[in-house]
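Each chain, written out:
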Amino acid sequence: MSSDSQKFNCKINDINSVKKSLDIVISKEDFLKSYKQVLNNTQQKIKINGFRPGKAPINMIESMYKDALIADAKEKLVRESIDSGIKANNLKVLQVTDVNFKDDTKEDGFSFSATVEVFPTPPEVPNFEGIKVEAQKDEFTQDKVDEAINQLLGYHSKLELVNDRKKPNENDTVKFNFVVSYNDGTSEESREYVRAFDKDAWNIEGSASFDSVVRDSLLNMNVGESKDCKSTIKISNSKGDFEAGDVTYKINLLEILQKVTPELTDDFVKSLPGYELSSAKELQDRMSSVIESEIQNANDERKKSAVIHKLLESYDFEIPQVMLDNEIQNVLNMQGSQYTHQIDLSKVSNETLEHIRSVYNNLAKERIQVAFLIDAISKKENIDATDDDYNDYINKISNETNVSVDKIKHDIKANNLKPSIILELIRTKTWDMLCDKANITYVEVSDEKSSSNKKASKSSSKKSASEKNEDSTKQVKKQASKKAKDDAAISNTEAKGAEEAPKKRGRKKKEEA
């Protein structure tokens, strides 16, 4: 009898809204039937010396492979009974996470429980007409442009040797080294350090007391002078701070250096690599444009965040861990793309996995809920992306990257990015609709330094046309799927969970079966 038509004694218990327990009883009749099927299949396939394939006596096969035959029959019944219970109860299972047997397998049957994670059921879309929210809003000012230009000038500043005095002051940078002597009579010579006094912290050897002692001593020394000072080394590790003992530092002040910042002149602007500008006025205009754009983007994100968090207050629902893990992996992949090391959740230890979950679960849950909510609203409001929307998006990328439309379309097709772009366009239109319908009160940005001017000093430089053409695929990938690349994975999890249930089996099930 096939698994589609075979009926098993299966009782469903709710652990929570996204986790169920299937309590299944396998009867003596079902077990013997499965055992006989396994035995007959084994007889047809097994090769035993002295017998042609399929002709070995049944009793000989049983006597040689009894335990293995029982295990195979048991595993077959576990798989079929779980599938039957899922179908009979119309469960949208994402993953079988655990299988526990309640008794030993005997010829009179056995019982077990299987834990499964099921697709979540979100609540109804909350009313978004005229919702009242408060959002922070930053304003463009000339001060932000001046600050960004000063940061740029500071980045191109140089340290020059001070020869007209021997004693440093608070505005200086010093070069020094030291010899540290320990209580056991050993000593160690350091490398040379270069530190500015105006910095908030000196991260030298990880010791706050060391930093303070060295800094204070250097301020009271002359170039070429050596000075002894005593301190207690404190070392920080995962178990906290502990004292490593009293030490003596013999500090040598080698040089006084002074930061010299260039003036904002046309010649300085012409010398900036990658900017392709010829005057200070052009640089100021470029900075103004970039900062204004950055501020507008930041304000838009704050507005969207305020609206969506207000809606999520009445749109909270549980997310199965398998979906959270998939989304955590997406986040880690995006972070890993910025570094050489990338984390694979399937390869980390259980202890590491639990730690990662404790850090990222809330973020993953919010990202998934946001995707569910935006997609539900776009479906309810019949929001779609038109051909004009798509073409406008491609033209915008072309203008921003100086890459031809044909080249961009080729790269999108080669990398199968169009579904992600369409998804992003739909969600963007949905965001815009929500923000338009919301009743938003704006307040000034507080306790937050706008990073727009910091970004501007880096992003205002412009690549040459040849560099852009060489990087077109990378730029298109980044521009065309900036947000949709994150969210598409959520929708993929959604679709696979509904259509492929259940494909994954818990490791414990396999081991115990």
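Up top you'll find the structure we're talking about.
Residues numbered from 1 in each chain as written. Predicted model: local features only at pLDDT ≥ 70, side-chain atom pairs only at ≥ 80, totals over all residues. Heavy atoms only, no water.

A. Structural detail: helix α1 (residues 28–45). An ideal rise of 1.5 Å per residue puts 26 Å on 18 residues; α1 measures up with 26 Å between its terminal C-alpha atoms. Along α1, the residues classified as buried are Asp-30, Phe-31, Ser-34, Tyr-35, Val-38, Leu-39, Thr-42 and Gln-43. Its buried side turned inward, α1 meets β2 (19–26), α2 (58–88) and β4 (110–118). (Helix = DSSP H or I, 4+ residues; strand = E, 2+ residues; numbered from the N terminus. Expected span 1.5 Å × (residues − 1). Buried < 20%, exposed > 50% of the residue type's maximum accessible area, 1.4 Å probe, protein only. Contact = heavy atoms within 4.5 Å.)

B. Here's a closer look at the pattern of salt bridges. For the coordinates displayed, the defined rule picks out 19 salt bridges. Residues Glu-313 and Lys-310 are paired through a salt bridge, measuring 3.7 Å at the closest nitrogen-oxygen approach. Through salt bridges with shared partners, one network takes in Asp-325, Glu-354 and Arg-357. (Salt bridge = Lys/Arg side-chain N within 4 Å of Asp/Glu carboxyl O.)

C. Inspection of the packing of aromatic side chains at higher detail. Per the stated rule, a full pass over the model turns up 11 aromatic pairs. An angle of 50° between the planes, with centres 6.1 Å apart, marks the rings of Phe-101 and Phe-110 as tilted. Neither Phe-101 nor Phe-110 differs from the other in exposure class; each is buried. Site record: aromatic cluster; members linked through ring pairs are Phe-31, Tyr-35, Phe-101, Phe-110 and Phe-112. Its end group placed over the ring of Tyr-442, Lys-137 keeps NZ or CZ at 4.8 Å from the ring centre. In this structure, Lys-418 packs its charged tip against the face of Tyr-390, placed 4.7 Å from the ring centre. (Phe/Tyr/Trp six-rings, centres within 6.5 Å; stacked < 30°, edge-to-face > 60°. Lys NZ or Arg CZ within 6 Å of the ring centre and 35° of its normal.)

D. Up close: the sheet that holds strand β3 (residues 93–101). With antiparallel pairing, four strands are arranged side by side in an open sheet as β1-β2-β4-β3. On the outer flanks of this sheet lie β1 (9–16) and β3, each paired with one strand and no other. Adjacent strand axes in the sheet meet at a mean angle of 25° when their direction is disregarded. Where β1 meets β2, seven bridges bridge the pair, whose relative direction is antiparallel. (Pairing = 2+ DSSP bridges. Axes fitted to C-alpha atoms, helices over the stretch in contact; angles between N-to-C directions.)

E. Looking closely at the side chain of Asp-172. Within the fold, Asp-172 resides in the loop between β6 (158–161) and β7 (173–181). Accessibility expressed as a relative area gives 0% for Asp-172, which makes it buried. Within the local environment of Asp-172, its side chain forms a polar contact with the side chain of Arg-165, the two groups lying 2.7 Å apart. From its side chain, Asp-172 meets the backbone nitrogen of Asn-169 in a polar contact 2.8 Å long. Residues in contact with Asp-172, not counting those within four places in the same chain, are Arg-165, Arg-195, Ala-196, Phe-197, Ile-256, Leu-257 and Gln-258. (Polar contact = N/O pair within 3.5 Å; in protein donor to acceptor, adjacent residues only side chain to side chain.)

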